[in-house]
Amino acid sequence: MVDRTDALTWKEFGEEHVAALTELAEACLAVDGGLPLFTSPALLRARLLQTRTLGAWHDGALVAAVGVGTDRRPATSTGLVHPAWRGRGVGGRLLSWADEQAGEAGLLLTTESWNADADALFTSRGFEQTFLEWVLRHDLDALPDVAAPDGVRTEPIAWEIGPELFATYRASFADRPGFVEPDADEWLGELREDDGYRPDLSLIARGPDGAAVGFLNVIDNWIDQVGVVPGWRGRRVGAYLVASALRALAADGAGEAWLCVNDNNPAAALYRRLGFDDAGRRARYLRRRP
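Quick summary incoming for the structure in this document. (Residues numbered from 1 in each chain as written. Predicted model: local features only at pLDDT ≥ 70, side-chain atom pairs only at ≥ 80, totals over all residues. Heavy atoms only, no water.)

## Considering the overall build of the chain
Of regular secondary structure, the chain possesses eight helices and 12 strands. Relative to its length of 290 residues, the chain is compact, with a C-alpha radius of gyration of 21 Å against a globular reference of 19 Å. Expressed as lengths along the three principal axes of its C-alpha atoms, the size of the chain is roughly 70 × 45 × 30 Å. Across the 290 residues in the chain, those meeting the buried criterion constitute 50%. Here the contacts in the chain between residues at least 6 apart in sequence split such that 72% fall between residues at least 24 apart. With the model as given, the accessible surface of the chain reaches about 14000 Å², and the carbon-plus-sulfur share is 48%. Within the chain, one finds 30 positive and 43 negative side-chain charges whose respective centroids are separated by 5 Å. (Helix = DSSP H or I, 4+ residues; strand = E, 2+ residues; numbered from the N terminus. Rg over C-alpha atoms; globule rule 2.2 N^0.38 Å. Buried < 20%, exposed > 50% of the residue type's maximum accessible area, 1.4 Å probe, protein only. Contact = heavy atoms within 4.5 Å. Areas by Shrake-Rupley, 256 points an atom, 1.4 Å probe, with all protein chains shown as cover. Lys, Arg positive; Asp, Glu negative; His and termini not counted. Charge placed at Lys NZ, Arg CZ, Asp CG, Glu CD.)

## Digging into the pattern of salt bridges
According to the stated counting rule, one finds 16 salt bridges in the structure shown. For Glu112, the salt bridge is made with Arg47, and the minimal N-O distance between the two is 2.9 Å. Residue Glu112 is found in the loop between strand S5 (107–111) and helix H4 (116–124), and its partner Arg47 is found in helix H2 (residues 41–48); the two are separated by 65 residues along the sequence. On the basis of relative accessibility, which here comes to 1%, the residue Glu112 falls in the buried class. (Salt bridge = Lys/Arg side-chain N within 4 Å of Asp/Glu carboxyl O.)

## Describing the packing of aromatic side chains
Under the counting rule described, the total for this entry stands at 10 aromatic pairs. Ring geometry for Phe166 and Trp187: centres 5.6 Å apart, planes at 65°, overall edge-to-face. Of this pair, Phe166 sits in helix H5 (residues 162–173) while Trp187 sits in helix H6 (residues 184–193); the two residues are 21 residues apart in sequence, bridging distant segments of the chain. Ring pairs connect the aromatic residues Phe166, Tyr169, Phe173, Phe179, Trp187 and Phe215, which therefore count as one cluster. When the ring centre of Trp134 is taken as reference, the NZ or CZ atom of Arg272 above it lies at 5.0 Å. Of note, Arg281 hangs over the ring of Trp114, and the distance from its end group to the ring centre comes to 5.3 Å. (Phe/Tyr/Trp six-rings, centres within 6.5 Å; stacked < 30°, edge-to-face > 60°. Lys NZ or Arg CZ within 6 Å of the ring centre and 35° of its normal.)

## Re the environment of Arg235
If you trace the backbone, Arg235 turns up in the loop between strand S10 (222–228) and helix H7 (237–251). Between the C-alpha atom of Arg235 and that of Pro149, which follows or precedes it by 86 residues, the distance is 6.5 Å.

## A few points about the nonpolar core
Core analysis: the biggest nonpolar cluster contains 33 residues, and Leu216, Ile223, Val237, Val242, Tyr271 and Phe276 have the highest contact counts within it. Contributing elements (two or more residues each) for this core: strand S6 (128–139), strand S8 (203–206), strand S9 (212–219), S10, H7, strand S11 (256–262) and helix H8 (267–273). Those residues within four positions of Val237 in sequence are excluded, and the remaining contacts are Pro149, Val152, Ala205, Val213, Val228 and Trp232. Membership of the second largest hydrophobic core comes to 26 residues, among which are Val63, Ala102, Phe122 and Tyr285. (Core = buried A, V, L, I, M, F, W, Y, C linked by side-chain atoms within 4.5 Å.)

## Thoughts on the packing of H5 against H6
As a packed pair, H5 and H6 sit with axes 10 Å apart at the nearest point and diverge in direction by 110°. In terms of orientation, H5 lies roughly perpendicular with respect to H6. The chirality of how H5 crosses H6 is right-handed. Every residue of H6 that contacts H5 at Gly162, Pro163, Leu165, Phe166 and Tyr169 is listed here: Ala184, Trp187, Leu188, Leu191 and Arg192. Tallied by class, residues from the contact of H5 with H6 come to eight nonpolar, one polar and one charged. (Axes fitted to C-alpha atoms, helices over the stretch in contact; angles between N-to-C directions. Parallel < 35°, antiparallel > 145°, perpendicular 65-115°, else oblique. Left-handed = near helix turned anticlockwise from the far one by under 90°. Nonpolar A, V, L, I, M, F, W, Y, C, P; charged D, E, K, R; others polar.)

## A short note on the packing of helix H1 (residues 18–32) against H2
Where H1 meets H2, the axes come as close as 11 Å, and the angle between the chain directions of the two elements is 95°. Put simply, H1 runs roughly perpendicular to H2. In this structure, H1 contributes Val18, Leu21, Thr22 and Ala25 to the contact, and H2 contributes Leu44, Arg45 and Leu48. For the contact of H1 with H2, the per-class residue count stands at five nonpolar, one polar and one charged.

## A closer look at the pairing of S6
Two strands pair when backbone bridges link them, and S6 and strand S12 (residues 277–287) are joined in this way by eight bridges, in the antiparallel orientation. Bridge assignment links Trp134 to a residue of S12, and that residue is Arg281. (Pairing = 2+ DSSP bridges.)

## Let's talk about H6
When H6 is considered as a whole, its buried residues turn out to be Trp187, Leu188, Gly189 and Leu191. Contact partners of the buried residues in H6: H5, S9 and S10. By the N-cap criterion, in which a side-chain oxygen at the helix start approaches the backbone nitrogen of a residue two or three places on, H6 is capped by Asp183, the distance to Asp185 being 3.0 Å. (Polar contact = N/O pair within 3.5 Å; in protein donor to acceptor, adjacent residues only side chain to side chain.)

## Side note on a negative patch on the surface
Taken together, the side chains of Asp183, Asp185, Glu186, Glu190, Glu193, Asp194, Asp195, Asp220 and Asp224 present a region of like negative charge at the surface. For the negative patch, the leading source of residues is H6, giving four residues. Examined against the element boundaries, Asp183 turns out to sit in the loop between H5 and H6. (Patch = residues over 30% accessible without salt bridge, like charges linked within 9 Å, V, L, I, M, F, W, Y side chains within 5 Å.)

Structure follows, in structure tokens:
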């Protein structure tokens, strides 16, 4: 690939460039899809305004940027190249610079707006993909109709049943490969502290005996987590929870709903049957130093 980056001005960027970074992220999302929340100020700062930064400008416009966090092992990095500037060696230069900043710490790459060319670049440089997730969108003008499973009812989550919510989450995910059980107070505390958490739209599903058999958490207009305990899987509990949440979001005035699902999670097929459409991917890549 020919390096055609000499026409660019390379320099550090900072807080004063958040608006330019937002425009760059929006341009990438428009072409690649991915996580729409990437353009939120908090996530944009976390991904790009790291310990060290490098941006590329052309005629006063920011056309590429990368941030590297060097205060952890492995070091972390996120980079963006404007679609109009791809195929000119810009991404390779950003990656080489990020690798140099990481030094012996190794490097974890995070992309909230995945594309195949970036994947090819990362893997050619020896990075291993460790995470790949679909971003799915549902237009709430068309809602799925899922009948309640026999004997199952749902109710909104309330703070006083916090321990039960965590126990249902743990029972739903404990048998999943790689599951690491978090501290209950920390897990529940993160929900309580999230300004977007909607306990009024989040749900617990109960079986005929009143025991919790599944749950669903809603943050803003995102279905954040869905889980069903092992003994109740395959009985439409998950589908019923998701369909109920979509109807609740629509009734609350939302025009669309979102969720993320791991690339190899069988639940992705269920979500697509319920009317979710692919809206891009997000991924992580890791290269450890010898």
